[in-house]
Amino acid sequence: VSGTVTSSEDGFTMPGVSVVVIGTTIGTATDFDGNYTLTTELGQELQFTFMGYTPQVHAVAGTTLDIVMQPDARALDEVVVVGYGVQSKKNVISSVTKVKAENLQEVAVAGIDAALQGNAVGLSVSQNSGAPGGGMSVRVRGATTIAGSNQPLYIIDGVPVISGNTSSDTYGGQGGNALTNISTNDIESVEVLKDASATAIYGSRGSNGVILITTKSGKTGKPRVSLGTYYGVQNSINRYDPMYQGEYYKFADLAFANADIGLGSSFWSNNNGYVDDPNLTIDDEELASFYESRDGDRYIDFIYRDNAPIWETNVSVSGGNETTQYYFGGSVFQQDGVILGQDYDRKTIRLNLDHKVNDWAKLTAGVSISDENVNRITGDNNIYSPMTTAILEAPGYDLKNEDGSYNNTDFRFSNPLQNAEIVDGESNSMRTLANAALNMELLEGLYFDTRWGLDLLNYRERRYFPSDTYQGRSANGDGFVNSNSYQRWISTNTLNYAIDFDNLNITALAGMEYQQFTTYETSAQRQGYASPKLRWPSEGAEVIDATAETTQNRLLSYLSRLTFSYDDRFLFELGFRADASSKFGEDSRWGYFPSVSAGWKLHNEELFEVDWISEIKPRAGWGQTGNSSGIGNFASRGLAGSANYGNDAGTAVTNLGNESLTWETTSQFNAGIDMAFVNDRFRFSYDYFNKQTTDLLLDRPLPKSSGWESIESNVGEMLNTGHEFSVGIDVFSGEFSWVMDFNIATLHNEVTKLYEDANGESTPIDYGFAGRVQEGASLGAFFVFKTNGLDENGDVIYVNSEGENVYNGGTLQTEDKIIAGKPLPDFTGNFRNTLSFLGLDLSVNFQFSQGFELYNNTMAFAGASGSFAFNKMRSELDYWTSENTDTDTPRPLYGAGQSWNNQDSDRFIEDGSYIRLKSVILGYNFPKDMIEGMNLRIYVGGDNLMTWTDYSGLDPEVNAFGATNVSMGTDFFTQGLNRTWKVGLNVSF
């Protein structure tokens, strides 16, 4: 009997499958092409087995027997990547979430961080804006630091990679993202390490969680070719709705009239020519029809593009023999923004090799190269951005003159269309990620592993404001260029030893690691250009700035881990890492980070050994991790450097060092339980965590007599606690399958201690429009005045610290402000349903975030209490008048009264809670016998299809200040997310 064995996953043939005649010693294995041949009798049963696949038994009914192997979901999940190694999932006693690679490719996004959204309980991912290639805010179990980065540590194939915003220019929520130049199509698996017993092995870099990414490798067998492509169109989920001409000018005239300084029609006559008689009143019939008109274009309609394309194509080839396996992949990703002037382009290639040198040595190597180009427009939190000016500029002007040139004389700030179309904001990054490793078995059970890694990111950006724009007019053109080179080298050497003593299994890990991170930066700015077509700094006449510098930090580490498993019931693990950083002084540079965890496989106890119980595993752990991202490379040292005076060179003390400066330390306790029933058809996990961060790295104020404002110090503490639940149910399995996955995580964040002055009073930190760090409050909580409706004149009533109403013309003090909201959600979660039947598959994914607020600073300008000189949202047409008193929208006002109504207050704080239909994918897999030798799947889908929220802005996920800590949850004309429809196909052969 002979036949071919293939995999149901991809249709590829499977070499090395064991084929045995049951009850005999007759057997064989499939060859390189998945074929087998053996001699037996009719009616005999053959058993087919392969690691990671469900064993199959078939009776011999003829001379040909082809087999399709089905993956064993339980077996595939058994291996989990952890720090510096792998573990059986059944033996994992820390909090680790494994993310399926196919889930990362469901949504049309550029970066791995965006693709992770909703895929791991306790991992909060928020997109700062809808701009192509924009930044993300990623948090694992809340925020642990104030001044430093709260982004997790990303490790790709053992190499810690550069993440975050590499741009030096100000684009607000559109800021760059160093993770977008990594293609999700090359990823094999992702593990999110959350608790300290999992992350302490990474020591000083593990306090924000660790995301381990493993890329694809080749498999033994003939070459396998895979092709995937999709094309989609994007449209804005929401667009702002500003007032029309007449509506706005009525509002502005009322602002003058309510301030008792006249109608103001002469003002509008001089600027717009709509009114000939300055003595008209607000009620005159000549104005009435104009006030009610809807004539005139609104600028917002000109800066958007409809059906902005997004597409990606990837191809890979993999294969190999018993000695050498290879994987080669390449992809192209392109995205146009839904606002003019935005686009993103990325090209990547990756090569991974595995080579068996001999029976005791193996070499692995990988390299990826990416080329990324982004065109950005001036972003949110900027009065010159196309979005901001399209809303705030007084309506009624032409965007272009009759000759087709831009109108750059009538606007108060700038021409929205001109800002989008001709202001340069381009960047390019070339990135190389490389790793190589040699693994040797020195003795039985003793392995030595040496690894080397490189992350090289070369980033260049250029900004130019032509002389015929508002920004560049006074300078006769303003050009800026910046070039950064980031280099991270890492060398890791470890010894692994495993030994069994009857029922006791012991594994030990010890190692040393060295890292070096170097930054080179050059920048130049010139003004005065002979022509708007000349746009590089070398072509400008006047040098405004020119800098060049390099800096470096180093990290030396020793690490160890010891695990015990007794009788396949009791699990115990000890870990320890010591880190020394060049950032700190000689006597305080070492940080020590221990961890301990334990688990109990109750399902292996006699009492629980029943067929319907697959797993019951309570577990607990404690550990410490560190952080030093909040300080510069030389914060601990007193430095003197260049301090030129005019054209005369000079030196001065430039940094007041603190030799006692040391690591922030996060201590975390975690307790949880993993359960599974009925052959893993029902799965449940629960975790409770308590994270206490001490020795926060912050600026401590100094007496003015010192000549310095502050000094870097270890002051402050912060607490994060929460619960995490995840549930998985195989509702149906077989020809029709239905899998439900649900997760939810709660979070309580609190700043528990800050620097105390000589009087014992803590010193809060304010940032952004309303963000504050204050003892007893959540990080970045909103610090504003409390309001109590409107008075009889339509002005805002405030409430002071004594609980008394304060009216227009009264006095307000900082002490009257209160904490009135927070940007960190109470709980986040995800609900995914995956169904399949007769080749059809459907995936529906909901994402939700509840219990947080947003500070809508957009309405401080485009709301009724903003300056009359700015256009307003049509939602503000319900403003107070003597005939319309049943409203909470204040009256239009000019001058000091307007400023009174526009105080930072709880009027601008809104509930940001939302539920979002994040993605829907409907696909069809063609029968394998229809297209011989090929697997073909076509699909249609959509992203961000529906959002249920009470937030009045464009989207509740935006953040005008990017990934900063203290000013999270602020909206200031921030571009919202996009709705995407797409169609695609996957082919493999």
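Nothing here was measured: the structure is a model prediction, and the numbers come from that model.

Undergrad: When you look at the overall build of the protein chain in this model, what are you seeing that I'm missing?
TA: In terms of regular secondary structure, the protein chain is built from 13 helices and 53 strands. Relative to its length of 989 residues, the protein chain is compact, with a C-alpha radius of gyration of 31 Å against a globular reference of 30 Å. Along the longest, intermediate and shortest principal axes, the C-alpha atoms of the protein chain span 110 × 70 × 60 Å. Residue burial in the protein chain is summarised as follows: out of 989 residues, 53% are buried. Restricting the contact set of the protein chain to residue pairs at least 6 apart, pairs at least 24 apart contribute 69%. With an accessible surface of roughly 41,600 Å², the protein chain has 53% of that area assigned to carbon and sulfur atoms. For the protein chain, the separation between the mean place of its 67 positive charges and that of its 125 negative charges on side chains is 5 Å.

Undergrad: Is there a simple way to explain the sheet that holds strand S52 (residues 970–971) in this structure?
TA: Whenever strands of a sheet pair, they do so through backbone hydrogen bonds, lying parallel or antiparallel. Here we have three strands laid out as an open sheet, ordered S49-S48-S52, and mixed in their pairing. For this open sheet the edge positions go to strand S49 (909–911) and S52, each flanked by a neighbour on one side alone. Pairing geometry for strand S48 (residues 853–856) and S49, over three bridges, is antiparallel. By the bridge assignment for S49, Tyr855 is matched with Ile909.

Undergrad: What is the right way to look at the side chain of Ser595 in this model?
TA: Along the polypeptide, Ser595 turns up in strand S28 (residues 590–600). Sequence-distant contacts of Ser595, defined by excluding residues within four places in its chain, comprise Ala196, Ser197, Ala200, Glu573, Leu574, Gly575, Trp622 and Gly623.

Undergrad: Mind showing me how you'd approach empty space enclosed by the protein here?
TA: Space left empty within the atom packing is revealed by a probe, the size of a water molecule, rolled over the atoms. Here the structure, examined in full by the defined rule, presents 10 cavities of 30 Å³ or more. Considering the residues around the largest cavity, the lining is formed by 40 residues, among which Ser124, Ser126, Pro825, Thr828 and Ser849 are closest to the centre. Broken down by secondary-structure element, the contributors of at least two residues to the lining of the largest cavity are strand S11 (123–127), strand S12 (136–140), strand S37 (736–746), strand S46 (827–837) and strand S47 (840–850). Taken together, the residues of the lining of the largest cavity sort by class into 18 nonpolar, 17 polar and five charged. Size it by volume and the second largest cavity reaches roughly 270 Å³. Residue lining of the second largest cavity: 26 residues in total, with Ala108, Val109, Ala110, Gln127 and Gln335 positioned closest to the centre. Secondary structure elements with two or more residues in the lining of the second largest cavity: helix H3 (112–115), strand S51 (935–949) and strand S53 (978–988). Residues that form the lining of the second largest cavity fall into these classes: 10 nonpolar, 13 polar and three charged.

Undergrad: I tried to follow the pairing of strand S8 (residues 79–82) on my own but got confused; where do I start?
TA: Side chains on a regular strand alternate between the two faces of the sheet. As paired elements, S8 and strand S9 (residues 85–88) share four bridges and run antiparallel to each other. What sits directly across from Val79, in S9, is Ser88. In sequence, S8 turns back onto S9 through a hairpin of two residues, with Tyr84 there showing a positive phi of about 60°.

Undergrad: What exactly am I supposed to notice about unusual backbone geometry here?
TA: Trans is the common state for peptide bonds, and a negative phi is the common state for residues other than glycine. Its identity as a non-glycine residue notwithstanding, Asn307 has a phi of 55°, on the positive side. In this structure, Asn307 sits in the loop between helix H8 (300–303) and strand S18 (308–320). Phi is positive for Leu838, which is not a glycine, with a value near 50°.

Undergrad: How do you make sense of the pattern of salt bridges when you look at a structure like this?
TA: It is possible for side chains bearing opposite charge to pair when their charged atoms get close. Applying the stated criterion across every chain yields a total of 35 salt bridges. Salt-bridge contacts for Arg431 lead to Asp455; the nearest nitrogen and oxygen are separated by 2.7 Å. Linking Arg431 in strand S22 (residues 424–443) with Asp455 in strand S23 (residues 446–465), this pair joins segments that are 24 residues apart in sequence. We classify Asp455 as buried; its relative accessible area is 0%. Overlapping salt bridges, with partners in common, bring together Glu615, Lys617, Arg619, Asp674 and Asp687 in one network.

Undergrad: What exactly am I supposed to notice about the nonpolar core here?
TA: Within soluble globular proteins, side chains that are nonpolar tend to cluster in buried spots. Among the nonpolar cores identified, the biggest contains 53 residues, and Tyr240, Ile300, Tyr304, Met387, Ile391, Tyr855 and Phe973 are the most heavily contacted of them. At the level of elements, helix H5 (245–258), helix H7 (285–291), H8, helix H9 (386–392), helix H10 (416–422), strand S41 (781–784) and helix H12 (858–862) are the ones that each hand at least two residues to this core. Of all the elements, H5 adds the most residues to this core, at seven residues. If near-sequence neighbours (up to four positions away) are discounted, Met387 is found in contact with Tyr240, Ile300, Ile303, Tyr304, Ile339, Leu954, Phe973 and Gln975. Counting residues in hydrophobic clusters, the runner-up holds 25 residues, among them Val109, Ala115, Ala120 and Val190.

Undergrad: Sorry if this is basic, but what is going on with the sheet that holds strand S42 (residues 786–790) here?
TA: With respect to topology, three strands assemble into an open sheet ordered S42-S43-S44, the strand pairing being antiparallel. Looking at strand neighbours, the two that pair on one side only are S42 and strand S44 (805–806), the edges of this open sheet. For strand S43 (residues 796–799) and S44, the ladder comprises two bridges, and the chain directions are antiparallel. The residue of S44 that forms the bridge with Tyr798 is Val806.

Undergrad: What is the right way to look at the confidence of the model for the protein chain in this model?
TA: In low-pLDDT regions, the fine details of the predicted coordinates are not to be read closely. The share of residues in the protein chain with pLDDT of 70 or more is 96%, and the mean pLDDT across the chain is 90. Confidence drops under a pLDDT of 50 for residues 265–276, and excluding neighbours within four residues, the segment shows 25 contacts in the predicted structure.

Undergrad: Explain the environment of Leu698 to me, please; I cannot follow it from the model alone.
TA: Within the secondary structure layout, Leu698 lies in strand S34 (residues 697–701). For the pair formed by Leu698 and Ser710, sequence separation is 12 residues and the distance between their alpha carbons is 9.4 Å.

Undergrad: Even after reading the chapter, I still don't get the packing of aromatic side chains, so can you show me in this structure?
TA: The geometry of an aromatic ring pair comes down to the distance between the two centres and the angle between the two planes. Under the criterion given, the structure shown has 43 aromatic pairs. Relative to Tyr529, the ring of Tyr464 lies with its centre 5.1 Å away and its plane at 80°, an arrangement referred to as edge-to-face. Placement of Tyr464 in strand S23 and of Tyr529 in the loop between strand S25 (504–527) and strand S26 (542–566) is noted, with a sequence separation of 65 residues between them. Summarising the burial analysis for this pair, Tyr464 and Tyr529 share the class buried. The rings of Tyr240, Phe413, Tyr767, Phe769, Phe861, Phe870, Phe961, Phe972 and Phe973 are connected pair by pair, giving a single aromatic cluster. The ring of Tyr244 has Arg298 sitting right over it, with the charged end atom 4.5 Å from the ring centre. Of note, Arg488 hangs over the ring of Phe517, and the distance from its end group to the ring centre comes to 4.9 Å.

Undergrad: Explanation requested: the environment of Phe608 in the structure shown.
TA: Within the element layout of this structure, Phe608 appears in the loop between S28 and strand S29 (613–627). Here Phe608 falls in the partly exposed class, since its relative accessible area comes to 24%. With 510 residues separating them in the primary sequence, Phe608 and Lys98 have C-alpha atoms 26 Å apart. Non-local contacts of Phe608, meaning those with residues more than four positions away in its chain, are made with Leu602, His603, Ile613 and Ile616.

Undergrad: Whenever I open this one, the pairing of strand S19 (residues 324–336) confuses me. Can you help?
TA: Judged from the 11 bridges that link them, S18 and S19 form a sheet pairing that is antiparallel. The partner of Thr313 across the bridge, within S19, is Val332. Between the antiparallel neighbours S18 and S19 lie three residues. Turn length for the S19-strand S20 (residues 343–358) hairpin, with the two strands adjacent in sequence and antiparallel, is six residues, and the turn residue Gly341 shows positive phi of about 90°.

Undergrad: Just to check I follow, could you spell out a negative patch on the surface for this structure?
TA: Negative charge collects at one region of the surface, where Asp297, Asp301, Asp398, Glu402, Asp403 and Asp410 lie side by side. Tracing the backbone shows Asp398 in the loop between H9 and H10.

Undergrad: How do you make sense of H5 when you look at a structure like this?
TA: Note on helix geometry: an α-helix contains 3.6 residues per turn, so any two residues three or four positions apart are oriented the same way. Compared with the 20 Å implied by 1.5 Å per residue over 14 residues, the 20 Å span of H5 between its first and last C-alpha is a close match. Of all the 14 residues making up H5, 11 are buried; the element is thus mostly covered by neighbouring parts of the structure. Of the residues one or two after H5, Asp260 is the one with positive phi, at around 60°.

Undergrad: Looking at this structure, how should I read the side chain of Asn800?
TA: One can find Asn800 in the loop between S43 and S44. With relative accessibility at 15%, the residue Asn800 sits in the buried group. A polar side-chain atom of Asn800 sits 2.9 Å from the main-chain amide nitrogen of Glu804.

Undergrad: Hey, could you run me through a nonpolar patch on the surface in this one?
TA: Residues Phe328, Ile349, Leu351, Leu353, Val367, Ile369 and Met430 make up a contiguous nonpolar surface patch of roughly 530 Å² in combined accessible area. Only S20 and strand S21 (361–375) provide two or more residues apiece to the nonpolar patch. No other element matches S20, which puts three residues into the nonpolar patch. For Ile349, the location among the structural elements is in strand S20.

Undergrad: What is the right way to look at the environment of Gly206 in this model?
TA: Locating Gly206 in the fold gives a position in the loop between helix H4 (196–199) and strand S16 (210–215). Put simply, Gly206 and Gly164 are 42 residues apart on the chain and 16 Å apart in space, counted from C-alpha to C-alpha.

Definitions and cut-offs
Residues numbered from 1 in each chain as written. Predicted model: local features only at pLDDT ≥ 70, side-chain atom pairs only at ≥ 80, totals over all residues. Heavy atoms only, no water. Helix = DSSP H or I, 4+ residues; strand = E, 2+ residues; numbered from the N terminus. Rg over C-alpha atoms; globule rule 2.2 N^0.38 Å. Buried < 20%, exposed > 50% of the residue type's maximum accessible area, 1.4 Å probe, protein only. Contact = heavy atoms within 4.5 Å. Areas by Shrake-Rupley, 256 points an atom, 1.4 Å probe, with all protein chains shown as cover. Lys, Arg positive; Asp, Glu negative; His and termini not counted. Charge placed at Lys NZ, Arg CZ, Asp CG, Glu CD. Pairing = 2+ DSSP bridges. 1 Å grid on protein atoms, 1.4 Å probe; cavity = no way out; pocket = protein on both sides within 12 Å on 5 of 7 lines; lining within 4 Å. Points joined across faces, edges and corners; volume = space filled by probe spheres on them. Nonpolar A, V, L, I, M, F, W, Y, C, P; charged D, E, K, R; others polar. Salt bridge = Lys/Arg side-chain N within 4 Å of Asp/Glu carboxyl O. Core = buried A, V, L, I, M, F, W, Y, C linked by side-chain atoms within 4.5 Å. pLDDT = per-residue confidence, 0-100. Phe/Tyr/Trp six-rings, centres within 6.5 Å; stacked < 30°, edge-to-face > 60°. Lys NZ or Arg CZ within 6 Å of the ring centre and 35° of its normal. Patch = residues over 30% accessible without salt bridge, like charges linked within 9 Å, V, L, I, M, F, W, Y side chains within 5 Å. Expected span 1.5 Å × (residues − 1). Polar contact = N/O pair within 3.5 Å; in protein donor to acceptor, adjacent residues only side chain to side chain.

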